[in-house]
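# Observations on the three-dimensional arrangement
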Amino acid sequence: MSQTSRIDPESLAAARLLWDYHRIHHAPKPADAIIGLGSYDLRVADRCAELHAAGLAPVVLFTGGAGNWTAGLYASSEAAAFRDRALARGVPPEAVLIEEEATNIGENLRFSLALLPGLRSAILVTKPQTQRRCLATAQRQWPSIEAIVTAPLHGMEEQPTAHHPMASLICEMVGDTWRMTAYPRRSFQSEQPMPEAVGAAFELLVSRGFTQHLPAEALP
């Protein structure tokens, strides 16, 4: 039985609305650096390797210690695991930097900037469903730096992994949708438009119990 077959069709349709909302996929272009945001998904490192092989930036920086979904997942940090994956995909060691302290997107960007003085542009590579939060955070924290946001190129059905199944993916997107409205009020990220249909999909999924990634203050 597939992961999607265990979730009712109405919830899956709502999840696809959130998936489409969170994706950005800027067209990649040359930049000062490629920055891969650590997570449970090593395909982000693969995408960074592809972009480096295409000659779009001279350096790849991987950022991340451990976050909401990766405690105990890797032998060391997210950044180190991503570095090892990129090296295996052909990125030369001298082109790779790592930052191993960040635990959230805001720290990913702040701590990366400290290692890349003079940064004027960066390709930010993250999971497909984290792109809008990444862009909104960059717009708030990096107002003078051009942020080009991209991700591995696959659909929602291909995003779940063995340790992060479809139900967890939906919970993640529900939590991030809440953050899109809550975090601008806290100056963590820029305001982003939210179509009415996305808000309705969020409410439906909350009512169906996909609330694992919501903080206590947001629970019904």
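Report on the accompanying structure. (Residues numbered from 1 in each chain as written. Predicted model: local features only at pLDDT ≥ 70, side-chain atom pairs only at ≥ 80, totals over all residues. Heavy atoms only, no water.)

## Some points on helix α3 (residues 78-88)
Buried residues of α3: Glu78, Ala79, Ala80, Ala81, Phe82 and Ala86, and no others. Where α3 is buried, its residues meet β1 (33-37), α2 (43-53), β2 (60-63) and β3 (96-99). Among the residues trailing α3, glycine 90 stands out with phi positive, at a value near 100 degrees. (Buried < 20%, exposed > 50% of the residue type's maximum accessible area, 1.4 Å probe, protein only. Helix = DSSP H or I, 4+ residues; strand = E, 2+ residues; numbered from the N terminus. Contact = heavy atoms within 4.5 Å.)

## Remarks on the layout of surface pockets
Each pocket or cavity is described by its volume, and for the largest pocket that value is around 510 Å³. Lining of the largest pocket is provided by 30 residues; of these, Asn68, Thr103, Asn104, Ile105 and Arg133 occupy positions nearest its centre. Where the lining of the largest pocket is concerned, the elements lending two or more residues are α4 (105-115), α5 (131-141) and α6 (166-182). Here the lining of the largest pocket gets five residues from one element, more than from any other, and that element is α4. (1 Å grid on protein atoms, 1.4 Å probe; cavity = no way out; pocket = protein on both sides within 12 Å on 5 of 7 lines; lining within 4 Å. Points joined across faces, edges and corners; volume = space filled by probe spheres on them.)

## Some points on the side chain of glutamine 189
Residue placement: glutamine 189 occurs in the loop between α6 and α7 (196-207). Here the side chain of glutamine 189 touches arginine 179 through a polar contact of 3.4 Å, landing on its backbone oxygen. In contact with glutamine 189, not counting residues within four places along its chain, are Arg133, Ala136, Thr137, Arg140, Arg179, Met180, Tyr183 and Pro184. (Polar contact = N/O pair within 3.5 Å; in protein donor to acceptor, adjacent residues only side chain to side chain.)

## Some words on the environment of alanine 71
As for its position among the elements, alanine 71 is in the loop between β2 and α3. The class of alanine 71 is exposed, set by a relative accessible area of 68%. Residues alanine 71 and tyrosine 40, 31 residues apart in the sequence, show an inter-C-alpha distance of 9.4 Å.

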